[in-house]
Amino acid sequence: MTTPNTFSASAGSLTQFDPQALPVSAAQAIVLEWVTPLAQSERVPLRDALARVLATDVISPIDVPAHDNSAMDGYAFDGAALARHAGTLTLTVAGKAFAGHPFMGTVPAGACVRIMTGAPMPAGCDTVVPQEGVAAQAADSSDGTATITFPADALAPGANRRRQGEDLARGGVALRAGRVLRASDIGLMASLGLVDVEVKRRLRVAYFSTGDELRSPGQPLDAGCIYDSNRYTLGAMLRRLDVEPIDLGRVRDDPEALAATLRQAAESADVVLTSGGVSVGEADFTRTQLQTLGDVAFWGLAMRPGRPLAFGRIWSGGRAGVGRAALLFGLPGNPVATMVSFYQIVRPALIAMSGATPQPVPLIPARCDAPIRKRAGRTEFQRGIAERDARGQWRVTPTGSQSSGALSTMSEANCFIVLAHEAADLDAGDTVDVMLFDGLV
Ligand code: AMP
Ligand code: MG
């Protein structure tokens, strides 16, 4: 390509890039600069809050636990008695305390209370001797008193007691805004007595496929045609991210049809994803439409698969600044390239735009079983199968085909082998970084 690739940062500065040379890390940084996190939020019941993004800090309205309570089934007593008894300590049992049924009386000196796990500590008691550690004597039939005996040096004052507010103190931050809510967070908010929670509204993401050769599953496959798989892959990847997917169907390789669908998408969505038509072929119109309808940030990456990738902003009004704006990712049409571009470039942007605090996906060092051909100057994401060997070391085998059209190898793989921008050919036995699909896909 002779035309230089240009991008304008949000501040409006214009920098020139060779499309072959825009490294993945630079593209990821530019994309995040263009992202504005969602401002709008809504209240949802706790049971609907899983995977939603917390809009405000959750402040604990109560102490958790609400009272000092026992961590064991045993006997609660005043731990000061321990210091006064060098050998064994014998206490009379003054009553019982159950979780939900506290002991309300006073505990006289030399007495204890039979206590169950979670029951509030009776007034004046701060220590619990577990029932396994005592010799208990059955109640005396004449006056009904039972006694327990245990070695005083086996315990310190305060043992086996959970303090009020030890989990969460009233007024403290229980969960921070920007968190993607997990099962434990839902339970934690329930433990605070909250019934609903303020979360960001869902990001609306419109997507469609382009290509005259595409047919939808269920239709007959005409000569020279293929089934549209990208729209299904994209819909599924979006659902995993808990955004609101808007399926705009298939669009012909026709500039007018493409422009009309892009404008409609910008009207209804925050982000627009397209697949296909983004390289430099005669039926590739996405990039030129992006230039007409808005601003182009970049249209080529030093990445494999996924070199052609158009990124920018389009406007529903037909040109920059008119109507409603949406970010546009013009993804490559090859099915594996679509997925790699989504995970490496689109996914972090959608997470940031949803208002979540992005968390880097962990990379695991693994010994590669096979040599890998790699050209320095681009980041490669090969499909691999990683496992731990008998010695507990991670090893990885590239899947047979690394063709960007071979979707079956994405299904076969369980990780990306991430080959850094500057890396060159690798020998069998070299260490590579592996990005496990679990947690990513
Ligand atoms: P393009 O970038 O439009 O030239 O597409 C590159 C390759 O990906 C071509 O072989 C297309 O047929 C194929 N392709 C494009 N879109 C899709 C799709 N939605 N599903 C499956 N394959 C596609
Ligand atoms: Mg095409």
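Residues numbered from 1 in each chain as written. Chains lettered and ligands numbered in written order. Predicted model: local features only at pLDDT ≥ 70, side-chain atom pairs only at ≥ 80, totals over all residues. Heavy atoms only, no water.

**With respect to the domain arrangement of the protein chain**
Along its sequence, the protein chain is carved into domain 1 (5-40 + 201-353), domain 2 (49-64 + 166-194), domain 3 (69-162) and domain 4 (364-436). Relative to domain 3, the C-alpha centre of domain 1 lies at a distance of 68 Å. (Domains from an automatic or database assignment.)

**Considerations on the sheet that holds strand β19 (residues 271-275)**
Reading across from one edge, β18-β15-β19-β23-β22-β20 is the order of the 6 strands in this open sheet, with mixed pairing throughout. Lying at the two open borders of the sheet, with one neighbouring strand each, are β18 (244-251) and β20 (294-300). Neighbour to neighbour, the strand axes of the sheet diverge by 15° on average, direction disregarded. Both β20 and strand β22 (residues 308-315) contribute to a ladder of 5 bridges, which runs antiparallel. Its bridge partner lying in β22, Phe298 is registered against Phe311. Contacting β20, β22 and β23 (325-331), helix α1 (residues 24-34) crosses the sheet at an angle of about 165° to β20. Where helix α6 (residues 286-293) meets the sheet, its contacts fall on β19, β20, β22 and β23, and the angle it forms with β20 comes to roughly 150°. (Pairing = 2+ DSSP bridges. Helix = DSSP H or I, 4+ residues; strand = E, 2+ residues; numbered from the N terminus. Axes fitted to C-alpha atoms, helices over the stretch in contact; angles between N-to-C directions. Contact = heavy atoms within 4.5 Å.)

**Quick word on the packing of α1 against helix α7 (residues 335-353)**
Where α1 meets α7, the axes come as close as 9 Å, and the angle between the chain directions of the two elements is 25°. Overall, the two elements α1 and α7 adopt an arrangement that is roughly parallel. Seen from above, α1 lies across α7 with right-handed handedness. Note on element contacts: α7 touches α1 through Gln344, Ile345, Pro348, Ala349 and Ala352, opposite Val24, Ala27, Gln28, Val31 and Leu32. For the contact of α1 with α7, the per-class residue count stands at 8 nonpolar, 2 polar and no charged. (Parallel < 35°, antiparallel > 145°, perpendicular 65-115°, else oblique. Left-handed = near helix turned anticlockwise from the far one by under 90°. Nonpolar A, V, L, I, M, F, W, Y, C, P; charged D, E, K, R; others polar.)

**Observations regarding the UniProt feature "domain: MoaB/Mog" (unreviewed entry) in the protein chain**
With numbering matched to this structure, UniProt assigns "domain: MoaB/Mog" (unreviewed entry) to residues 206-352. Summarising residues 206-352: 35% helix, 31% strand, and an end-to-end C-alpha distance of 17 Å. (UniProt positions renumbered as here; feature names shortened; annotations may be inferred.)

**Here we look at the site of ligand 1**
Not every one of the 16 residues close to ligand 1 is listed here, only the nearest: Glu213, Asp228, Ser229, Gly277 and Gly333. Starting from 480 Å² of accessible surface for ligand 1 in isolation, the protein chains cover 77%. Taken together, the elements giving at least two residues each to the shell around ligand 1 come down to β15 (204-210) and β17 (226-227). Among the residues making up the shell around ligand 1, the classes are represented as 4 nonpolar, 10 polar and 2 charged. (Near = heavy atom within 4 Å. Areas by Shrake-Rupley, 256 points an atom, 1.4 Å probe, with all protein chains shown as cover.)

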